[in-house]
Amino acid sequence: MQLFRSTSKIAALAKLGQVDAARKLFDEMPQRDTVAHNAMLSGYSRTGCYKDCLSLFDVMRFSGMEPDPFSFTAVLSAASGLPDLRIGRKIHGLVLVSGYGSWLPVGNSLIDLYGKCLSADGANRVFEEMRVKNVISWCSLLFAHTNCGQFGDAYDVFDVMEERVEIAWNIMIAGHARFGEFVRCLGLFKEMRDGLCKPDQWTYSALMNACAEAQDPNCGRMMHGVMIKDGWSSAVEAYNSLLSFYAKFYIHSDVLKLFAVRQNLSQVSWNAIIDAYMKEGDMENALLLFHQAPDKNVVLWTSMISGYMHNGLGERALDLFINMISCGLQPDVFTFGAVLHACANLAVMRYGTMIHGCVLSLGYSSHTYAGNGLINMYAKCGDIVASSRSFDDIQAKDLVSWNAMLFSYGLQGQAAEALKFYERMLVSGIKPDKVTFIGLLMTCSHMGLIENGHTIFNSMPSFGIAHEMDHISIMVDMLGRGGYLDEAEELRKTLHLQASTSSSSTDAEALLSACSAQGNMLMGSKLGKGLQLVKPGHDMSYVLLSNLYCLNGHWKEAEMVREAMAVQGVKKLPGYSWVEIDDRIITFVAGDNFLPFIGELSNILISLTLQMRSKAQLTGKINIKLGGIGCRID
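Treat the numbers as computed from the prediction; the structure is a model and nothing was measured. (Residues numbered from 1 in each chain as written. Predicted model: local features only at pLDDT ≥ 70, side-chain atom pairs only at ≥ 80, totals over all residues. Heavy atoms only, no water.)

K.L.:
Explain a nonpolar patch on the surface here, please?
P.N.:
A cluster of nonpolar side chains, namely Ile604, Leu608 and Met612, defines an oily patch on the protein surface of about 280 Å² accessible area. With respect to the helices and strands, methionine 612 occurs in helix 35 (residues 598-619). (Patch = residues over 30% accessible without salt bridge, like charges linked within 9 Å, V, L, I, M, F, W, Y side chains within 5 Å. Areas by Shrake-Rupley, 256 points an atom, 1.4 Å probe, with all protein chains shown as cover. Salt bridge = Lys/Arg side-chain N within 4 Å of Asp/Glu carboxyl O. Helix = DSSP H or I, 4+ residues; strand = E, 2+ residues; numbered from the N terminus.)

Listed below in structure tokens is the structure:
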């Protein structure tokens, strides 16, 4: 009787989200049976404590207690939540050995696992082996195909379903929304309304997400009107999707109107409105709302960290991450991805390696999102070996993983390794995208591999990838760096004409920079004047054109450019660099001479300059000019 009461209390506490209290009671039980273990496993799985669930399952097995079907559904749900295909397959093996593979709830959990782990083939095999199937089985298989983007197979399943319930329609609409298939979403929505099934808040939530992916605010506004007409605009899920939609399009006033009329906001709503402020760069109001939020969960902290990072406040992002840890919250994989991105932007190895230690201790090093962040962080900090190790540690490498590693080689100037890695990528069956080719072309441009760059550029159509502005600009830059200015200009004109687009300022700037380096007055002057008309407030065209005139001894023209710059109110942003020493980041900025040890630094520079001039006198090849330099400590 005592065992039954304790087990019931554990289940009740877990349902209330008090898993720590439930575990304390569980540990104090003198005897524990399978039902007690299942109550704790289910509690962990429902509250998102997936690693705790899997850990307890291992303890249960090693203690000699045999899992039953309820044990397996709980741990399969935990493996799906991570999602971790490797662990899921191991549990699947235990299910088969235990003889519970024919149990309907276990089979449905297996289909769900494979679907969330992007293994539609695995989900399909389990479905085919099931002797008894229900609506959940069919919907789980449908989700597996849509989640993997296999819409042809998804329609095959959808067409033969005995009963198309609301959730099946919602799965199809949400699946197309994730992949930006907005028109198809609307088509399915119309079919659903014309049939026996009626849209619910989940349907409208998926449709609003599709409108956000369509990059057209008017579509979302119209769908908002339909939601109001059908009476779903105040439902929690639909309301949250509205907030997220308006936040994505920076429609600040609309977000505030929605926010003002609602009193009891859900956690998702708080996240959406804070995200809206972050996207507008309004850090003050974002932080104010963050402090007002009744429940600061991991998602909210992660939103703030990401917001600071995207607004160029990497130091604040790191501070917030440390505060989050101090509050006793355990970061998830998305938190680590955000803070690692901040470390990458700051190029601070010390903090990055410490966060890597946290990633390892929590078992996230094999997770794709965290692994991609580690690759990028180490690459920006100059440690290509650590980037490579992080890549190898990722269990399920996606295209972002391959692209991140490809960019890592390019950043370190290892063009040969980058090209070999690209070949390895193709052999592995990974199809490159436009980002892949940006990385490859940038590597070839910086290393002067013009022939390789031409080959890669010309191979893009064979992968179904069109030449976009970024690719054209890099090719122009590459040819310009190599001194092929006429060819660069011809390529620029030809491709823009084929694409029926106007010339971009990016490739014009690249060509102007090349003209400045090569001293081509005729082409450079024409490009510079054209850029000043297109982007009168941008400093780059003025500076490059002025440098070009100075290089060719046209001092009067250079002075006129500087005067035009002053008239337009354009100021050149100072360049700066930084170095990490102990616990400090020391930033060097031209013209900042207020550092306490600026005298010692200047003496060192003078000493180095004298040594270089001594070498110059011997070789007659070096022309040295010592300019002003300053630095500050952040």
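After that view of the structure, there is still more to cover.
K.L.:
What is the right way to read the UniProt feature "repeat: PPR" (unreviewed entry) in the chain from this model?
P.N.:
Residues given the UniProt feature "repeat: PPR" (unreviewed entry) here are residues 33-67, 165-199, 266-296, 297-331 and 398-432. What you have in residues 165-199 is 74% helix and 0% strand, and the ends, taken at the C-alpha atoms, are 11 Å apart. As a span, residues 398-432 carries 74% helix and 0% strand, and end to end its C-alpha atoms are 11 Å apart. (UniProt positions renumbered as here; feature names shortened; annotations may be inferred.)

K.L.:
Would you mind going over the pattern of salt bridges with me for this structure?
P.N.:
Once the charged atoms of two side chains with opposite charge are near each other, the side chains can pair. Counted according to the given criterion, the structure contains nine salt bridges. One salt bridge connects aspartate 27 with arginine 23, and the closest N-O pair in it is separated by 3.0 Å. Placement of the pair is aspartate 27 and arginine 23 together in helix 2 (residues 19-28), with a separation of four residues, close to one helical turn. Judged by relative accessible area, which is 42%, aspartate 27 ranks as partly exposed. Between aspartate 112 and lysine 116 there is a salt bridge, with its nearest N and O atoms 3.3 Å apart. Of this pair, aspartate 112 and lysine 116 both sit in helix 7 (residues 104-116), four residues apart, which is roughly one turn of that helix. For aspartate 112, a relative accessible area of 22% puts it in the partly exposed group. (Buried < 20%, exposed > 50% of the residue type's maximum accessible area, 1.4 Å probe, protein only.)

K.L.:
Would you mind going over the nonpolar core with me for this structure?
P.N.:
Side chains of nonpolar character tend, in soluble globular proteins, to be buried together. Counting 76 residues, the largest nonpolar core has Leu41, Val75, Ile91, Leu142 and Ile173 as the members making the most contacts within it. Sort the elements by how many residues they give to this core and helix 13 (residues 201-213) lands first, with seven residues. Aside from chain neighbours lying at most four places away, what touches leucine 142 is Ala154, Val157, Phe158, Met161, Ala168, Ile171 and Met172. Ile273, Tyr308, Leu374 and Met377 belong to the second-largest nonpolar core, a separate cluster that totals 41 residues. (Core = buried A, V, L, I, M, F, W, Y, C linked by side-chain atoms within 4.5 Å. Contact = heavy atoms within 4.5 Å.)

K.L.:
Teacher, can you tell me more about the packing of helix 25 (residues 399-411) against helix 26 (residues 415-427) here?
P.N.:
Two quantities define a packed helix pair, namely the angle between the helix axes and the distance between the axes. Running from N to C, helix 25 and helix 26 point in directions that differ by 165°, and their axes come no closer than 8 Å. The angle between the axes of helix 25 and helix 26 places the two elements in the roughly antiparallel class. Here helix 25 and helix 26 pass one another in a crossing that is left-handed. Contact residues: helix 25 offers Leu399, Trp402, Asn403, Met405, Leu406 and Tyr409, while helix 26 offers Glu417, Ala418, Phe421, Tyr422, Arg424 and Met425. (Axes fitted to C-alpha atoms, helices over the stretch in contact; angles between N-to-C directions. Parallel < 35°, antiparallel > 145°, perpendicular 65-115°, else oblique. Left-handed = near helix turned anticlockwise from the far one by under 90°.)

K.L.:
Got a minute to help me understand the packing of helix 11 (residues 166-178) against helix 13 in this structure?
P.N.:
Between helix 11 and helix 13, the shortest axis-to-axis distance is 8 Å and the interhelical angle comes to 15°. Compared by their axis directions, helix 11 and helix 13 come out roughly parallel. The handedness of the crossing between helix 11 and helix 13 is left-handed. Taken together, the residues of helix 13 that come into contact with helix 11 (itself represented by Asn170, Ile173, Ala174 and Ala177) are Trp202, Thr203, Ala206, Leu207, Asn209, Ala210 and Glu213.

K.L.:
In this structure, what is going on with unusual backbone geometry? I would like to understand it.
P.N.:
Comment: phi is negative for the bulk of residues other than glycine, and the bulk of peptide bonds are trans. The amide bond that connects leucine 82 to the next residue, proline 83, takes the cis arrangement and shows omega of -25°. Along the chain, proline 83 falls in the loop between helix 5 (69-81) and helix 6 (85-98).

K.L.:
I would appreciate a short explanation of the environment of asparagine 520 in the present structure.
P.N.:
Within the secondary structure layout, asparagine 520 lies in the loop between helix 31 (505-518) and helix 32 (521-534). Judged by relative accessible area, asparagine 520 falls into the partly exposed class, the value being 24%. Sequence-distant contacts of asparagine 520, that is, excluding residues within four places in its chain, are made with Leu485, Cys515 and Leu548.

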